[in-house]
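# Working through the structure, step by step
So the chains spell out like this:
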Amino acid sequence: MASINKLSIRGVRAFSPDDDEQVISFCFPLTIIVGSNGCGKTTIIESLKYAVTGSLPPGNKSGQAFVHDPKSMNQASVKANIKLRFTNRAGNPMVVVRSMEVTQKKTNLSFKALDGIIRTTDPETGHRVSLSHKCTELDRQIPQLMGVSKPILEHVVFCHQEDSSWPLMEGAVLKKRFDDIFDSTRYAKALEAIRKMKLDYTGRVKDLKADQAGLSAHKKAAEGFREELDAAKSQLEDIDDTIATTDERIAAEEEDMEKFQKVLDEIEDIRGRRDEINQQIDIARATADSLRDACDEDWTGKHSQEELEGMLSTFDEKMDDDERELQQTNRQYKNVQNDVDDFGEEKMRINTELAKCAAQREQHEKDLRQRQDHMEKMGNEYELQLEGGSMTQGSYGGSLTGGTFGTQQSTFSQGTVGTTSGGGRRSLDTVATGLTALSQETLVTISGDDMTAFLNAVAKKESELRSEKEEFQRKAEEDQDDLVKKISELQARQSTIRNERSRLNTKIEEAVQESQSLKSSGSSHQKIRKSDIEEAKKAAAKARQDADSANSDARMTVIPQEIREAEDKIAALKGQIEDDQRLVTEMRKHEDELREVQMLKRQVENEREAIEDVLKEENSTLYKYQVERALGEDNGDVDYIYRSVEEKTNAVNSAFMLQKDKLDAAERKLNDVQKRFTEKSSLHSHNARQLNQLRAQLQALSHPNRGHAKIETVIRESQRWDLQHSKSNSIGSNFDPQQIIDNFSQRIADCKDEYESPESISRTIKKLKRLAKITDPNGGTGLRCPCCSKDITSDEFSIFKNKIKELADPVNSPIIKMDEALAQTRKEEVELYTKWRSEVQAGVGDYLEFKRVNNEIATLEDPVANTETELKSLDDQLKVLKDEVSYEQGTVSELQALNDVMNRLRDDASKITRKLSQIKDKEVSIGTNSIGAGQDLDAVERSLSNKSKEKEDLMNDISSLNKESSGLNKRAKEASDKASKLERSAKSKEEQFEQDQQATVRREELSDLINSWRDEEKKLEKDEDPIRRQFHAKDVDLKRLRQSNKTEESRLNSNLNDFQRDAQMLDDFNAKIDKYLDSNKEEAQRRLTDDLNEHEERIAEKKKALKELIPTLNALKKKLDDQSRHKKNLQNNIKVFQQVAKETDLQAEKAKINEEIELIEGSDNSQEKYDDACRLIREYEDEKNKAAGRRQGVKDQVKLLKRKLNTEDYKDIDERHRQCMIRYVATETAGEDLGKYYKALDNALLRYHGMKIADINKIIRELWSLTYKGEDITNIQLVSGAEGAAKSARSYNYRVVMTKGTSELDMRGRCSAGQRVLASIVIRLALAETFCLNCGVMALDEPTTNLDYANKRGLAIALAQIIATRAVQSNFQLVIITHDEDFVGMCKNELSAHTGFNMPERYFQVQREESTDGKFYSKINAIDWDEL
């Protein structure tokens, strides 16, 4: 068990931080610490409390006041430490060291708790082990090591003097302290946490139950989907077998078809070759005819092919010569044209240069005028004087002679102007001979001499201005230097005088301070005279005689004998009192049992009435379920109430179980319908979602920009076109895209076939001309119309020929024009058909997708509608079933609540049964026991009271004797102290008298010195005044001079800068004019004008040469064109011969091919057999396509079912359903367990709290009867009431009540200060007795505050009895800290009357003692117990 052994303190409050540690060793069972007020007693209990809990005492300013003040030590920081050696609950010795530091900041103190140390001994090795810990870790570990909670250590064991009356503080503080002591808050939080967890698990169970229901529905739906998937796979296998059989049939027919196809291919190849030959024949014939028509003259009848080819070869050589001549002439023409272009560009360049020269000439004239104006402005403004003459007073303008400027109406002779040099200014030595500027009106002329004179005048003026400025600056600096020198001299003189005055003032101040110090030291005490010294010596001698008389008083030896006699009598009375107390206790025990029987009967009656009230409140519900309300009659059995309530509880429980079965059946039915509804709803949602997706897809495919809408538009536009143009092969609305594409392709081919070229038309018309020439059988020739077969005359033939020529003309032929118009129409139709065909081809995919989506929508619409109808029916069933379940749930809830009430009443009835059994047992026990020896309780109590009174009288006599002895000792001590004090006073007065005499002489000397120094200082001040005035005047003059010089210098600088800017501007004008004249722009302008005239002449010559070349070129081109036509005619006639020969060869090859066709076997019926095989294949393919369509549908269904099974709702549904079921059952079980835990913990806490309060009140009652000696308060007790109706919010309110007569009153605010102190000590002792099982330490700080003598004595008796009772406990320690020596004597006397334990060997005294630094610090001294 835990105990404390030794405490050392350093640097805490009044304990010195520099001296040795102050150590106190704690004894068993009692340690007494005595000391006067302010000596540091409470610091010991504060140190104990801080060592074990880390809590600072109240009002310590966060620790600053707990450590010794650094200011009193004249140090920046002070460190303090507390060491406590204690034995932990396991019996192992340990040492805890806590250190602190307080640092003095600028404005405040800073407290810092340093890391603590725990030292212990390793039980195995015996070595000492030290562990460093943070303060918070120590605060947590030390209470655990001592086996006591921190609140008990703070508020019970080591309670501070200022906080000792906390049991009678206001309700909130008291509640917090007791909640901490009982640790109620932690358990209340634990209960609340369990309650919240149970609610959380209940919510989870509901959610999991809903999830489990949903997963069950999904599982059922998934099983249905799997069955459908298996059926679809079986159907898919049947369809695959059908397709395989059809493929075999198709393969057999394809073999026959290939055999026939080979024959047909062979025939087709031969026919293809024949068709190619026919086509080549037609082409050769048509080519020969077109070539004849293209010939201007047909020479095939006159010449042979060889003759025509010879004529063509010689014709080519001549034509090449003509072409070379034409090319040469063209090159000559191009060269001349290029020369014309080059001369034109050069002419444009010269015009541009001339424009630039004109602009530069205008700028030059402007510069001349501006320079003239600027020179006149400078002459007038600065009054410039030219060399060789003087200016007139007024102006520079007008006519100037002998060095003046003027204007003349004459030309300016050629001259130059000098250039600038040196620093950007034009040189005054370089002068131009003349300047000329020609304007539209006048010629401004300035001679070279005039310009030189003007520039010299400008330079001269600039030099004058600069010299004037420099002269002014030199003179101003000299004046300022003179004034500065004079001011410096005055400053030096003034500084010397001031230093001397400062030295004198310092001496005066030091002398005055010394004089005042001497004066104050003399005035701080009364003036000492020689007679005062003599009187003090006489008083000291008399006081010493009185002290010797007091120490020799005879009464001081008699008082100890009287005290020993009284103590012997007290020892005899104590044995008699103990016997009487045991007798009273035994006799009172039976009275307590009778009171307990009465109290139990009242409780039984109240609890029976409470049960009847509850049954009355539930009367209607009990009647509803046919349960009898009335309780049974009392038949003498202790369990009659329990049996009656048990019958009612069983009846209610049976009704509850029956109704719960009905609810379960209704919920199962509801779940079944809900499951079907969920499955249908899932299927309907899926189908509806798919239908909406298909409709959205259909809507998207129906957009005007998509293929289906475009194809529909093409059909409508085509039908309108066909209707407008009366076409027969119109497109129907039911055509598929491929038929539409084929229709447009056929139309395009037809349009191309109808088109004929103009050359073909011309050839056809020329054929008509040849047909008009006929040959009779006799070989004669004639003319006949090829249209009507009428013979025509030569004149008519001439008209016919002209008409044919007109019709064959490619330009004017009406037939060709009509054909070209028809060709344009057909071309537009082809473009339109091509466009429509492209749009249909582009939209085929969308059209087929639209058709497929439309078919799927039609397939899904009926199932969705049917599912909606079924869902509506199931929803109506669900509403009815939900209403039924809701009604059953209400009934079950009502019965559940009634069942809970009845179970609670059954528990209450069980408690009543137990209490009746206790009443019966106690009544039997009281009847069999007798009250001892026939004595009366009142007589025994009176005897006990008389003996106690006699004992108290004896103790009072001892106390009086102690007081008398203390008074005698005190008077002797006071007399000795008085004598010593008077002797020190006489000696002090004698020394002070001598110091006063010396101070008077020194003050007179200082007064003379001060007067002489003040006269000298006044003289220096008088000498300083004229110097100060002179310095001020000179300083003002210097500032005024500097200001005026600055103003004048600014003016001169401004004049010089303005003049320099004007001179620089003149230089800029001269530079521009020189640059223009140096560039010789006039000569360049004349050269450019001459070049321009020369180029214009050359351009005219070249254009004339071009005109002469044009006729020659035209003649050559015409000649070449005629030769080209002649050559082309020769070439066409040669080609006609070639095409006729080719046609003859092709006719022969065609005859051979016809013979090959007739020789092929089976050529007559191969086509019919081939067509039959194709028909059968198409039939088989149709059958196969139908099967493939069904297969695709079934495959889509398989995919759909697989997608459904792979969706989030059905994927791994079996495992998810199993896992959800496991979670649901586990969570539900955990919630039920939490409810059980909550109830068990709550009941345990309630019982624990009640038991502890009862134990505390029992101890309080015993201690109060021992300590309190008043008659008004018979007992006090701690009352605890539960707060809040709900168990989850249970907390406790605490108050201390006192019993006055038969009334219980709140003690707070109704008791005296002494009663409050005594009650607080009693409650703390009771709490320590109850909660400090592992630690027997208890400290009382100033327990006698506000207590009168009787109550102090009662407290001493109680403490003595506690010590005597618990002295057998090895670790019991009581620490009493007090200034009341009488109380300590009472404790000593009471302890001496008890036996069975060892008296302490010593007690400790705390007092202030002077240290080596002259300050008083707290010291702890151990004193032998017998000296107390």
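Scanning the protein from terminus to terminus reveals 25 helices and 19 strands. Taken over 1428 residues, the protein has a buried fraction of 36%. Within the protein, contacts between residues separated by at least 24 positions form 75% of all contacts whose residues are at least 6 apart in sequence. Counting every atom, the protein has about 83400 Å² of accessible surface; 48% of that belongs to carbon and sulfur.

What follows covers the packing of aromatic side chains. Inspection of every chain in the model, using the stated rule, returns 5 aromatic pairs. Relative to Phe1059, the ring of Tyr382 lies with its centre 4.7 Å away and its plane at 85°, an arrangement referred to as edge-to-face. One end of the pair, Tyr382, is in helix α7 (residues 305-382); the other, Phe1059, is in helix α19 (residues 937-1078), with 677 residues separating them in the sequence. A relative accessible area of 11% places Tyr382 in the buried class. Here the aromatic cluster, defined as three or more aromatic residues joined through ring pairs, consists of Trp166, Phe178 and Tyr1294. The lysine or arginine in question, Arg204, covers the ring of Tyr201, its NZ or CZ lying 4.8 Å from the ring centre. Sitting over the face of the ring of Phe1331, Lys1252 holds its NZ or CZ atom 5.3 Å from the ring centroid.

What follows deals with the pattern of salt bridges. Scanning all chains against the criterion turns up 33 salt bridges. Of the charged contacts, one joins Asp19 and Lys1419 as a salt bridge, the two residues approaching to 3.3 Å between their closest N and O atoms. Here Asp19 is found in the loop between β1 (3-10) and β2 (22-25), whereas its partner Lys1419 is found in strand β19 (residues 1416-1424), with 1400 residues between them in sequence. In this structure, Asp19 and Lys1419 share a single accessibility class: buried. Arg1402 is the salt-bridge partner of Glu1401, the closest N and O atoms lying 3.8 Å from each other.

A few words on the environment of Asp1035. Topologically, Asp1035 is positioned in helix α19. Overall, Asp1035 belongs to the partly exposed group, its relative accessible area being 24%. Residues Asp1035 and Lys486 lie 549 residues apart in sequence; the distance between their C-alpha atoms is 9.6 Å.

Spatially, β16-β17-β3-β18-β19 is the arrangement adopted by the 5 strands of the open sheet, whose pairing is mixed. The sheet terminates laterally at β16 (1337-1341) and β19, the two strands that pair on one side only. Adjacent strand axes in the sheet meet at a mean angle of 20°, parallel and antiparallel pairs treated alike. In the sheet, β16 pairs with strand β17 (residues 1373-1378) via 5 bridges, with the strands oriented parallel.

Here the focus is the nonpolar core. Counting residues in each nonpolar core, the largest one holds 105 residues, and the members touching the most others are Phe158 and Met1307. With 11 residues, helix α23 (residues 1313-1331) is the single largest residue contributor to this core. Beyond its immediate stretch of four places on either side in the chain, Phe158 contacts Ile4, Ile45, Leu48, Lys49, Val52, Leu153, Val1337 and Ala1339. In this structure, Tyr625, Leu871, Val885 and Leu898 belong to the second largest nonpolar core, which totals 36 residues.

With that settled, consider the pairing of β16. Counting buried residues in β16 gives 5 out of 5 residues, a clear majority hidden from the surface. On β16, burial covers both faces: Val1337, Ala1339 and Asp1341 on one face and Met1338 and Leu1340 on the other are all buried.

As a further point, take the packing of helix α22 (residues 1213-1267) against α23. In contact at an axis separation of 8 Å, α22 and α23 are set at 130° when each is read in the N-to-C sense. Taken together, the axes of α22 and α23 are oblique relative to one another. The handedness of the crossing between α22 and α23 comes out as right-handed. Seen from α22, the contacting residues are Tyr1248, Lys1252, Asp1255, Ile1256, Ile1259, Ile1260, Leu1263, Trp1264 and Thr1267; seen from α23, they are Leu1318, Ala1319, Val1322, Ile1323, Leu1325, Ala1326, Leu1327, Glu1329, Thr1330 and Phe1331. Looking at the contact of α22 with α23 residue by residue, the class counts come to 14 nonpolar, 2 polar and 3 charged.

The next point concerns the side chain of Asn1257. Assignment of secondary structure puts Asn1257 in helix α22. Asn1257 gets classed as buried once you look at its relative accessible area, which sits at 10%. Beyond its immediate sequence surroundings of up to four residues, Asn1257 is in contact with Gln1277 and Leu1278.

With that settled, consider the pairing of β19. Sheet topology note: the strand β18 (residues 1402-1410)/β19 ladder contains 9 bridges and is antiparallel. When the bridges of β19 are listed, Glu1409 appears paired with Tyr1417. Connecting β18 to the antiparallel partner β19 that follows it, the hairpin turn spans 5 residues, and Gly1414 within it adopts a positive phi of roughly 85°.

Attention now goes to a negative patch on the surface. A cluster of acidic residues, Glu254, Glu255, Asp256, Glu258, Glu1181 and Asp1182, forms a negative patch at the surface. At 4 residues, helix α6 (residues 184-294) tops the list of elements feeding residues into the negative patch. Relative to the assigned elements, Glu255 resides in helix α6. Look at Glu255 and you get exposed, because its relative accessible area is 55%.

Below, the discussion takes up unusual backbone geometry. Phe28 connects to Pro29 through a cis peptide bond whose omega is 5°. Relative to the helices and strands, Pro29 is located in the loop between β2 and β3 (30-35). Positioned with a positive phi, Glu383 is a non-glycine residue whose angle comes to about 55°. Here Glu383 shows up in the loop between α7 and β9 (434-438). At Asp1212, a residue that is not glycine, the phi angle is positive and equals roughly 50°. Positionally, Asp1212 belongs in the loop between α21 (1166-1206) and α22. Residue class for Asp1212 comes out exposed when judged on its relative accessible area of 52%.

Of the residues in the protein, 86% have a pLDDT of 70 or more, and the chain-wide mean is 77. Note on residues 389-443: pLDDT under 50 across the span, and 118 contacts to partners over four residues away in sequence or across chains. Across residues 928-934 the pLDDT falls below 50, and counting only partners more than four positions away or on other chains, this stretch makes 3 contacts in the model.

We now examine the environment of Gln332. Along the chain, Gln332 turns up in helix α7. Residue classification places Gln332 among the partly exposed residues on the basis of a relative accessible area of 43%. Along the chain, Gln332 and Leu1106 lie 774 residues apart, while their C-alpha atoms are 9.2 Å from each other.

A few words on the state of the cysteines. Across all of its chains, the model carries 0 disulfides by this definition. Of all cysteine sulfurs in the structure, the one in Cys1332 sits closest to Cys1335, which takes part in no disulfide; the separation is 5.8 Å.

The rules behind the values
- Residues numbered from 1 in each chain as written.
- Predicted model: local features only at pLDDT ≥ 70, side-chain atom pairs only at ≥ 80, totals over all residues.
- Heavy atoms only, no water.
- Helix = DSSP H or I, 4+ residues; strand = E, 2+ residues; numbered from the N terminus.
- Buried < 20%, exposed > 50% of the residue type's maximum accessible area, 1.4 Å probe, protein only.
- Contact = heavy atoms within 4.5 Å.
- Areas by Shrake-Rupley, 256 points an atom, 1.4 Å probe, with all protein chains shown as cover.
- Phe/Tyr/Trp six-rings, centres within 6.5 Å; stacked < 30°, edge-to-face > 60°.
- Lys NZ or Arg CZ within 6 Å of the ring centre and 35° of its normal.
- Salt bridge = Lys/Arg side-chain N within 4 Å of Asp/Glu carboxyl O.
- Pairing = 2+ DSSP bridges.
- Axes fitted to C-alpha atoms, helices over the stretch in contact; angles between N-to-C directions.
- Core = buried A, V, L, I, M, F, W, Y, C linked by side-chain atoms within 4.5 Å.
- Parallel < 35°, antiparallel > 145°, perpendicular 65-115°, else oblique.
- Left-handed = near helix turned anticlockwise from the far one by under 90°.
- Nonpolar A, V, L, I, M, F, W, Y, C, P; charged D, E, K, R; others polar.
- Patch = residues over 30% accessible without salt bridge, like charges linked within 9 Å, V, L, I, M, F, W, Y side chains within 5 Å.
- Lys, Arg positive; Asp, Glu negative; His and termini not counted.
- Charge placed at Lys NZ, Arg CZ, Asp CG, Glu CD.
- pLDDT = per-residue confidence, 0-100.
- Disulfide = S-S within 2.5 Å.

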